[in-house]
Amino acid sequence: MTEAAGGNPQLSGLAGSGPTTQSPPAASPNDQGSFSPWGGFSRRSPLAALILQRLALSVALLFAVSLMIFGGVEALPGDFATTYLGQSATPQAVENIRKDLGLDQPATTRYFQWLGGALQGDFGTSWASRNSVSEQIGKRLGNSLFLAFFAALISIPLAIGLGMLAVQFRDRLADKVINVFSLAAISLPEFFVGYLLILFFAVQMGIATFPATVYDGMGFTQRLSAIALPTATLVLVVLAHMMRMTRAAILNVMSSAYVETAELKGLSGLRIIARHAAPNAVAPVINVIALNLAYLVVGVVVVEVVFVYPGMGQYMVDAVTVRDMPVVQACGLIFAAFYIFLNMTADILAIIANPRLRHPR
Amino acid sequence: MPEPSTANLLSVRNLKIEATSYPPGEPPKTVTLVEGVNFDVQKGKVLGLIGESGAGKSTIGLTALAYGRGGVRITGGEVLLDGQDLLKLDHAGIRKVRGARVCYVAQSAAAAFNPAHRLGEQVIEASLRHGIMSRAEAEKRALHLFNVLGLPNPETFGQRYPHQVSGGQLQRAMTAMALCPNPDLIVFDEPTTALDVTTQIDVLAAIKHAIEETHTAAIYITHDLAVVAQITDDILVLRHGKMVEYGTVKQIIEAPTQDYTKALVNVRGTGREEAKDQSDTLLKVDNVTAGYSNGFKVLRDVSLHLPKGQTLAVVGESGSGKSTLARVITGLLPPQEGAVTFDGKPLPPALKGRKNEELRRIQMIYQMADTAMNPRQTVRNIVGRPLTFYYGLHGKQKTERVRELLDQIEMGDRFLDRYPAELSGGQKQRVAIARALAARPDLILCDEPTSALDPLVAEGILKLLLKLQEETQVSYMFITHDIATVRAIADSVAVMHRGRLVRFGPKSKVLSPPFDDYTDLLLKSVPEMEIGWLEKVLKTRRMESAGN
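From a predicted model like this one, the values you see are computed outputs, not experimental measurements.

It is worth spelling out the overall build of chain B at this point. Broken down by element type, chain B carries 21 helices and 20 strands. On the principal axes, the C-alpha backbone points of chain B span a range of 70 × 65 × 45 Å. In chain B, which comprises 548 residues, the share counted as buried stands at 56%. With an accessible surface of roughly 22700 Å², chain B has 49% of that area assigned to carbon and sulfur atoms. Each charge sign in chain B was given a centre, from 66 positive and 63 negative side chains, and these centres are 4 Å apart.

What follows is the structure, given as structure tokens:
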């Protein structure tokens, strides 16, 4: 039988601990187990470690995507030469064009050539127009980003504001109106919204410009008035998603104990939402904003076609119809890069927004 | 009844509180939660509200802030604060009372503090927003309160975020937050229930000191009569939303008139003799060290043993490694060093390596019965599953045995086809016991099976476990943080602290002097149903630390 008597020398001094000596346990988990430089770093500054991890992951992901794009394009049936030459192509002519474009070389060689060029910003030459892809894309991308930027500038603050408003007037008229309106906007396909806007503002009232074509040497205000309708369409399409997510995220936080605490402090409704609920709803809201930003850049194909806007989306669609592979690949890679970059940014912002990671114990 | 006084700060008259319940498949109906409740709180005095869960304690406490949690409505009566009926105020009027004249301290400060802001900002927020003091004054007062409440490094404490301090410190910070605007009344809603006993006593002392020093009146809500006896002047006993007994603390503790109050006062009275012969070992744990893959060791070099047909109580605070020990024994967490022997044979360390027969002989009961049961299975299926798994029983035989088991846990046939959601907390725990018994085990590991239950219900479960032990000769390893439970059921006791075994042996030896420092602290921290106990303990502590 084990003897019950005897104390533990480590525990002496505990008996005298009054209210003043209550402190977290001194034993640290860090003094044990495997020790690697990375492990040490990630314990010292978990925030930096997590952000570095995300960056590395994004780079790896981008490489994987480049492989998939190249492989996918490679696996497409049909090829440029036969499309270009049409029905009457002789095998010799086809062979010549293939050789001309370097298609006789093995796929791995072409992949690394393409990737090497892409890393330096050179996406090769368009097969159809024999122009530099990078130059063409540069202009188009600028146009797309211009449109996306203004759509984002309007939709994000509007979505967050309306989301907070919906929470403040939860289940009352304002909330219901916002909800029905945003549901309607999200339910209509964007080309339909686009045509509706054209019908009302361009055709009937004549206060907006259509088509939304922009060209070099156009003045800034002219450009703005040209993109008014496509911007409005995009805002309507992405607004509902972000607004509803903001509302849901804040409502979720509103049922937490610390919001009850704020309410029992006698704070005003808006202060509770803005100071106590919003900071804790940031992470999901940032994520949905990033998704919608990505959509604004990547998913605007239909809107660009409807408004005849010379952006990336239209460029890519044109290239696919003629099997202009360097252009398709370049557009694909740039779109993927945007998607990954925006999501990574959202991840990193969400990590930074977490006080536990910002201020480790 | 306490003397009616003209200096009533808060008078609650004929309170009625209702809520709407939405039973599935039926029209919504109105439920009365609280009815006919009257009480007074005088300036600078403390009233204790006591009762089991569902008694309406918190609901009544929150009426002092004219607040109904989760759709609860105050539908009748008066809540007079200095003669002003709070229920007649508009929203703006109520806001002026909340956080200024009446403040609230929640049960879980960890959840009640906003994780995104520093503690100091949150502590002074109400004072600033209500325009009670300037920022400089509020910060000065916060510092003073941190000092009074015995928080470490009071100068920099406010700079910290909630996740950077311990649970006991958060609870004290929440008290500071409530005291900061100089309120007339504070509602404490079970402020120490979620804490370990050794922490509870510090927080209790800090709260008592702070409200005495600031002459603040308080309503103190708890289910623990021994705690309330240390801190209040009057006690109101509640049950099912109605008043049972209302009197001074002395009258309630020393001369209760109602049967329910008497039962509450005597709930810790049970105890049993330990078994004399503790040599026939069933379970043996040898030098077990266990932890997680990141290198953190939760258990260090633990050795103990448990005789057949007896109960070993493993006692310690949260984080002491009690539950990890159970996980090692079940094989859920293979030990890094050491071994577990069961009935003379070594047990394979990992769950995967164990045979069905080895699994059958060790069963488990958990703290939260409702999370340990599939909500979509009936009692028949929950209890019947081990019968099919271990004994291959089906159909009539199985039903017969389930009936037998329900009989053993003192619940009848009528529970056969109920779902867990249709059972009370105590009934759920009984079903969990029946499920464990169904395997006819030799050892049941009980992980705090009574700590989520109300005292009287918990007592019923303990009695049931003892009865079952007599009938079936099953052994229990009973994990708990409650010394009273240990006294009631154990034959031998193991005291754990920070992953190490501090003390182990027969109950009579472990729980009597000479003590090691930690066991001494632990035993002295358990509140006793005695007025003035807190002062006594604190005095001895001061003398000891002065002597050191």
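We now examine the pairing of strand S20 (residues 500-506) of chain B. On a regular strand, each side chain points to the face opposite its neighbour's, so the side chains alternate between the two faces of the sheet. Among the 7 residues that make up S20 of chain B, 5 are buried, leaving the element largely enclosed by the rest of the structure. Between strand S19 (residues 492-497) of chain B and S20 of chain B, which pair antiparallel one after the other, the connecting turn spans 2 residues, and Arg-498 of chain B there sits at a positive phi close to 50°.

Take the packing of helix H10 (residues 257-264) of chain A against helix H11 (residues 269-298) of chain A next. All names here are of chain A. Packing of H10 against H11 brings their axes to within 10 Å, and their N-to-C directions diverge by 170°. Considering their axes alone, H10 and H11 lie roughly antiparallel with respect to each other. Two packed elements cross with a definite hand, and for H10 against H11 that hand is right-handed. Each of Tyr-258, Val-259, Ala-262 and Glu-263 in H10 lies in contact with H11, whose residues at this interface are Ile-272, His-276, Ala-277 and Asn-280. Grouping the amino acids of the contact of H10 with H11 by side-chain chemistry returns 5 nonpolar, 2 polar and 1 charged.

With that settled, the discussion passes to the packing of aromatic side chains. All names here are of chain A. In the structure shown here, the tally under the stated rule is 11 aromatic pairs over all chains. Judged by centre distance (5.3 Å) and plane angle (80°), the ring pair of Phe-149 and Phe-150 falls under edge-to-face. Taken together through their ring pairs, the aromatic side chains of Phe-70, Tyr-111, Phe-112 and Trp-114 make up a single cluster. For Arg-223, the ring lying beneath its charged end belongs to Phe-146, and the centroid distance is 6.0 Å.

Take unusual backbone geometry next. Residues and elements named next belong to chain B. For the bond running from Pro-513 to Pro-514, omega is 5°, close enough to zero to count as cis. Topologically, Pro-514 is positioned in the loop between helix H19 (507-510) and helix H20 (517-525). The backbone of Asn-153 shows a phi angle near 45°, a positive value even though the residue is not glycine. When you line up the elements, Asn-153 lands in the loop between helix H5 (135-148) and helix H6 (154-157).

Let's shift gears to the sheet that holds strand S2 (residues 29-42) of chain B. Picture the strands of a sheet paired through backbone hydrogen bonds; they go either parallel or antiparallel. With antiparallel pairing, the 4 strands of this open sheet are ordered in space as S2-S1-S4-S5 (chain B). Of all the strands in the sheet, just S2 and strand S5 (84-85) of chain B have a single pairing partner and so form its edges.

All names here are of chain A. Entries for chain A in the domain assignment read domain 1 (48-119) and domain 2 (134-358). Averaged C-alpha coordinates put domain 1 and domain 2 at centres separated by 32 Å. Roughly 1600 Å² of surface becomes buried between domain 1 and domain 2 when both sides are summed, with 80% attributable to carbon and sulfur atoms. Counting across the interface, domain 1 meets domain 2 through 1 salt bridge.

Residues and elements named next belong to chain B. Spatially, the 4 strands line up as an open sheet ordered S12-S11-S14-S15, and their pairing is antiparallel. The open sheet terminates on both sides in strands that have one partner only, identified here as strand S12 (297-307) and strand S15 (345-346). On top of the sheet, helix H12 (residues 322-330) reaches strand S11 (281-291), S12 and strand S14 (337-342); it is set at about 70° to S12, its chief contact.

All names here are of chain B. The residue Arg-503 is located in strand S20 in this model. On the basis of relative accessible area, Arg-503 is assigned to the buried category, the value being 2%. Polar side-chain contacts of Arg-503 include one of 3.2 Å to the backbone oxygen of Ser-512.

Before going further, it helps to examine the confidence of the model for chain B. Detailed reading of the predicted coordinates is not advisable wherever pLDDT falls low. Taken residue by residue, chain B gives an average pLDDT of 88. The fraction at 70 or more is 97%. In the model, residues 1-5 of chain B has pLDDT below 50 throughout and makes 6 contacts with residues more than four positions away in sequence or in other chains.

Counting 95 residues, the largest nonpolar core has Leu-10, Phe-39, Leu-185 and Ile-219 of chain B as its most contacted members. Looking at this core element by element, the count peaks at 8 residues for helix H8 (residues 197-214) of chain B. Not counting chain neighbours up to four residues away, the residues in contact with Leu-185 of chain B comprise Leu-9, Leu-10, Val-41, Ala-64, Arg-101, Val-102, Cys-103, Thr-216, Ala-217, Ala-218 and Ile-219 of chain B. In this structure, Ala-81, Val-193, Val-303 and Ala-330 of chain A belong to the second largest nonpolar core, which totals 82 residues.

Turning our attention to the pattern of salt bridges. Opposite charge on two side chains makes pairing possible when the charged atoms of those side chains draw close. Within this structure, the stated rule accounts for 33 salt bridges over all chains. For the salt bridge of Arg-247 of chain A with Asp-175 of chain A, the shortest nitrogen-to-oxygen distance reads 2.9 Å. Here the residue Arg-247 of chain A occupies a position in helix H9 (residues 220-254), and Asp-175 of chain A occupies one in helix H7 (residues 173-187), the gap between them amounting to 72 residues. Arg-247 of chain A gets classed as buried once you look at its relative accessible area, which sits at 16%. Taking the shortest distance from any N to any O, the salt bridge between Arg-13 of chain B and Asp-40 of chain B comes out at 2.7 Å. You can see Arg-13 of chain B sitting in strand S1 (residues 8-21) and its partner Asp-40 of chain B sitting in strand S2, a full 27 residues away along the chain. The class of Asp-40 of chain B is buried, set by a relative accessible area of 13%. Each of the salt bridges in this network shares a partner with another, and the network as a whole consists of Lys-43, Asp-82, Arg-101 and Asp-184 of chain B.

Right, let's get into the side chain of Gln-310 of chain B. All names here are of chain B. Relative to the helices and strands, Gln-310 is located in the loop between S12 and strand S13 (311-315). What makes Gln-310 buried here is its relative accessible area of 7%. In this structure Gln-310 touches Ala-275, Asp-277, Gln-278, Gln-469, Val-474, Ser-475, Tyr-476 and Asp-491, once residues within four positions along its chain are discounted.

Turning our attention to H10 of chain A. In terms of burial, H10 of chain A is largely enclosed, as 6 of its 8 residues are buried. Turning to H10 of chain A, its buried residues number three or more, namely Tyr-258, Val-259, Glu-260, Thr-261, Ala-262 and Leu-264 of chain A. Contact partners of the buried residues in H10 of chain A: H9 and H11 of chain A together with helix H1 (57-63), strand S6 (102-105), helix H3 (109-112) and helix H7 (167-179) of chain B.

On to the environment of His-359 of chain A, then. Along the chain, the position of His-359 of chain A falls in the segment after helix H15 (355-358). Classification of His-359 of chain A by relative accessible area gives buried; the value is 18%. When neighbours within four sequence positions are excluded, His-359 of chain A is seen to be in contact with Arg-118, Tyr-161, His-163 and Gln-164 of chain B. At 3.5 Å, the side chain of His-359 of chain A forms a polar contact with the side chain of Arg-358 of chain A.

What follows concerns the confidence of the model for chain A. Looking at chain A, pLDDT values average 80 and 89% of them are 70 or higher. Contacts for the low-pLDDT stretch residues 1-34 of chain A, under 50 throughout, to residues beyond four places or in other chains number 60 contacts.

The next subject is the environment of Leu-196 of chain A. On the secondary structure map, Leu-196 of chain A appears in helix H8 (residues 190-204). As for Leu-196 of chain A and Ser-132 of chain A, which are separated by 64 residues in sequence, their C-alpha atoms are 37 Å apart.

What follows covers H5 of chain B. All names here are of chain B. An ideal rise of 1.5 Å per residue puts 20 Å on 14 residues; H5 measures up with 20 Å between its terminal C-alpha atoms. Considered for burial, the residues of H5 that qualify are Ala-138, Arg-141, Ala-142, Leu-145, Phe-146 and Val-148. All buried residues of H5 fall inside an arc of 155° around its axis, so they share one side. In H5, the exposed positions that point more than 90 degrees away from the buried face belong to Ala-136 and Lys-140. On the buried face of H5, the contacting elements are helix H4 (119-129), H6, H7 and H8. At the C-terminal side of H5, Gly-150 shows a positive phi close to 70°.

All names here are of chain B. At their nearest, the axes of H4 and H7 sit 8 Å apart, and the two run at 30° to each other. Taken together, H4 and H7 sit at an angle that is classed as roughly parallel. Listed contacts from H7 to Leu-119, Gln-122 and Val-123 of H4 are Leu-170, Ala-173, Ala-176 and Met-177. Along the lines of polarity and charge, the residues of the contact of H4 with H7 split into 6 nonpolar, 1 polar and no charged.

Nonpolar side chains collect at one region of the surface, where Leu-188, Phe-191, Phe-192, Tyr-195, Leu-196, Leu-199, Phe-200, Phe-201, Val-203, Met-205, Ile-207 and Val-302 of chain A lie side by side and expose about 1100 Å² of accessible area between them. With 8 residues, the single largest contributor to the nonpolar patch is H8 of chain A.

Cut-offs applied
Every chain begins its residue count from 1, and numbering advances along the sequence as written. Here every chain gets a letter starting at A, and every ligand a number starting at 1, in the order they are written. Totals for whole chains, interfaces and linings use every residue, but because this is a predicted model, local features are given only for residues with pLDDT of at least 70 and side-chain atom pairs only at 80 or more, for both listing and counting. For side-chain calculations, the full set of non-hydrogen atoms in the structure is used, while hydrogens and water are omitted. Comment: elements are numbered from the N terminus, with helices defined as DSSP H or I runs of at least four residues and strands as E runs of at least two. The cut-offs for exposure are 20% and 50% of the maximum accessible area for each residue type, with area from a 1.4 Å probe on protein chains only; residues under the lower value are buried, those over the upper are exposed, and the others partly exposed. With residues, only the protein chains shown are counted as cover, and all accessible areas are computed by Shrake-Rupley using a 1.4 Å probe. Lys and Arg are tallied as positive, Asp and Glu as negative. Neither His nor the chain termini are counted. To locate a charge, take NZ of a lysine, CZ of an arginine, CG of an aspartate or CD of a glutamate. By the convention used here, strands pair only if DSSP detects at least 2 bridges between them. Orientation is described by axes fitted as lines to C-alpha atoms, over the contacting stretch for helices, and by angles from 0 to 180 degrees between their N-to-C directions. Between 65 and 115 degrees an angle is taken as roughly perpendicular, under 35 as roughly parallel, over 145 as roughly antiparallel, and anywhere else as oblique. A clockwise turn of the near helix away from the far one marks a right-handed crossing, whereas an anticlockwise turn of less than a right angle marks a left-handed crossing. By the convention used here, residues are in contact when the closest approach between their heavy atoms is within 4.5 Å. Classification used: nonpolar for Ala, Val, Leu, Ile, Met, Phe, Trp, Tyr, Cys and Pro, charged for Asp, Glu, Lys and Arg, polar for all others including Gly. Stacked, edge-to-face and tilted are the three classes for Phe, Tyr and Trp ring pairs, Trp counted by its six-membered ring, which pair at centre distances within 6.5 Å; planes under 30 degrees apart are stacked, over 60 edge-to-face, the rest tilted. We call a charge positioned over a ring when the NZ of a Lys or the CZ of an Arg lies within 6 Å of the ring centre and within 35 degrees of the ring normal. The split of the chain into domains comes from an automatic or database domain assignment. Once two parts are joined, some of their accessible surface, as seen by a 1.4 Å probe, is lost; buried area is that loss totalled over both. Every case where a carboxyl oxygen of Asp or Glu lies within 4 Å of a side-chain nitrogen of Lys or Arg is listed as a salt bridge. In the analysis that follows, any N or O atom pair within 3.5 Å is treated as a polar contact, provided that within protein one partner can donate a hydrogen and the other can accept it, and provided that, for residues neighboring in sequence, both atoms belong to side chains. Scored from 0 to 100, pLDDT records how confident the predictor is in each individual residue. Grouping buried Ala, Val, Leu, Ile, Met, Phe, Trp, Tyr and Cys residues that are joined through side-chain atoms within 4.5 Å yields what is termed a nonpolar core. For a helix, the expected span equals 1.5 Å multiplied by the residue count minus one. Comment: arc refers to directions from the helix axis out to C-beta atoms. Only residues whose relative accessible area exceeds 30% and that form no salt bridge enter a patch; like-charged residues are grouped when within 9 Å of one another, and nonpolar side chains (Val, Leu, Ile, Met, Phe, Trp, Tyr) when within 5 Å.

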